[in-house]
Amino acid sequence: MTGTTLLPDRAPDTLAADLRAANFTADGLQAHLGSVAAAALHREQVVPALRATDDDRPLSVLIRFFCLGMPMPAGLLDRALPSTGAAGLVAHGLATRDGEALAPAYDLRPYGDEDHDWWVLSDLSEVATRAPLREDHVLGIGGASTTLASWTPRRRARRALDLGTGSGVQTLHLAQHCDQIVATDLSERACATAQFTASINGLDMVEVRRGSLFEPVAGERFDLIVSNPPFVITPRAPGVPEYEYRDGGLVGDAIVRTVVQQAEQHLQPGGIAQLLGNWEVPRGRDWADVVGDWLAPTGLDAWVVQRDSQDPAEYAELWASDGGHRTGEIYERMYAAWLDDFAAREVERIGFGIITLRRPETDRPAVRRLEEVGGPVASPMGPTIDAGLRVLEWTATHEVLDARWMVAADVTEERFGRPGAADPSVIRLTQGGGLRHTVQIDTATAAFVSVADGELTARQAYAAIAALLDQDAEELLAEQRPIVQGLVERGFLVPVEGE
């Protein structure tokens, strides 16, 4: 009931038109279910959606069939999909016969952004099947895939690589700004599913190849690489399932380290790689040291943001329950296996974050920026990443003090002081967008920021500030240079156009 031997690598030619006519789109589903039921369905809670679709309208039928995994009478599907029909769903492997009804073989979900309506094929979740996931399960739209899509810079590119494509979510976004896309995955089911996703959305610039990591693109280079790799750290122990969508088959965090260290040979000069990852932090070490060691053998610029970290028990609880095992003897055995695995390597924390890499266009030392940001950030983050990469490139070859800077439009200043005090005791700058950094600054920096309107270079401005503060200009410049550099790197200061 949960699958079929036929892998549906192409969509029926009529299916997209049928779905669009039924308003089976992201906006249509939201409007049909209502905000409460739609939000609950996003959390994989189906009861509100069942109540909102308790009728025979075509959109209700399609939601119950494709999103909730419920068998539906063939006649209702014929009416909901008049050109494709129930017979077309069976012929293309999307459904199986169940007496007079059809049972869905896959999940087909509307997905979109402000400008596009798409559909994504994936395997039915455990909510639909009422059973643990199969190990070759192909994951649909999830938090990791939407995070990666949000953080990817959207520069125009000739060739892009979607490494570990899964159901093809990243490929949909890449198709909007890339001329050619290669999508790869080790899983046969994932390759077929990604091909179907490309097919139903009319993407003829996508080539799907099967293989491990960079093997399918040996000797090839790309302008952009995106990857949501199988980064979950899973113990290699009897009784612990290895899901293809999350488990790379290597010990510890080796899968992400391998992608980071092999990306350089597959990037064009100026090319960018954007990926998600976990990293193990052994006792006595810092996460930035661990990731820094990964980067050391490469010549890549890097901007790594750690978004979260967990202790071994928290990590075990998250992933032992993934796939439908949440209680009982099997769950407890897997939980213990995770703890044993981390203990064997003296792992104290497991970090999660976003890794951005760029291959320099010239022969120069790599520039690295590693920071931890746990709070809310802007969405999408791609424009911030793009601007940050350009700043890293610029600062690698220019002196920040000799440039003219302006305060970014989203920056505000706050001053705090004791009642009656003549001067503030705390001055703070806050970003309204991007990574939403907040920094505390001193009087000299505040004076510079207040005059950073693009007229004077930082060096000229600080010469005047030194005179006002009765300080030695060279000493003030030496003190303030790393502060200005940090404000530039974090987007508080932006260059004057044309600099």
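Residues numbered from 1 in each chain as written. Predicted model: local features only at pLDDT ≥ 70, side-chain atom pairs only at ≥ 80, totals over all residues. Heavy atoms only, no water.

Draft legend 1. Representation of the side chain of Q431. With respect to the helices and strands, Q431 occurs in strand 16 (residues 426-431). For Q431, a relative accessible area of 7% translates into the label buried. Within the structure, the side chain of Q431 is placed 3.3 Å from the backbone nitrogen of R436, a separation counted as a polar contact. Polar contacts involving the side chain of Q431 include one to the main-chain carbonyl oxygen of R490, which spans 2.3 Å. Setting aside anything within four residues of it in sequence, one finds Q431 in contact with D410, V411, R436, H437, R490, G491 and F492. (Helix = DSSP H or I, 4+ residues; strand = E, 2+ residues; numbered from the N terminus. Buried < 20%, exposed > 50% of the residue type's maximum accessible area, 1.4 Å probe, protein only. Polar contact = N/O pair within 3.5 Å; in protein donor to acceptor, adjacent residues only side chain to side chain. Contact = heavy atoms within 4.5 Å.)

Draft legend 2. Geometry of the sheet that holds strand 7 (residues 178-185). The strand order across the open sheet built from eight strands is 8-7-6-9-10-12-11-13, with neighbouring strands paired in mixed fashion. Only two strands of the sheet have a single neighbouring strand rather than two, namely strand 8 (206-210) and strand 13 (368-372). Within the sheet, the average angular offset between the axes of one strand and its neighbour, ignoring direction, is 20°. Summarising the sheet, strand 6 (residues 157-163) and strand 9 (residues 222-227) pair through four bridges and their orientation is parallel. Bridging across to strand 9, L163 finds its partner in S227. (Pairing = 2+ DSSP bridges. Axes fitted to C-alpha atoms, helices over the stretch in contact; angles between N-to-C directions.)

Draft legend 3. Fine view of the pattern of salt bridges. All told, the structure shown has 28 salt bridges when counted by the stated rule. Of the charged contacts in the structure, one is a salt bridge between D253 and R257, with a shortest N-O distance of 3.2 Å. Its salt-bridge partner being R481, residue E399 comes within 3.0 Å of it at the nearest N-O pair. Of this pair, E399 sits in the loop between helix 16 (382-395) and strand 14 (404-407) while R481 sits in helix 19 (residues 473-489); the two residues are 82 residues apart in sequence, bridging distant segments of the chain. (Salt bridge = Lys/Arg side-chain N within 4 Å of Asp/Glu carboxyl O.)

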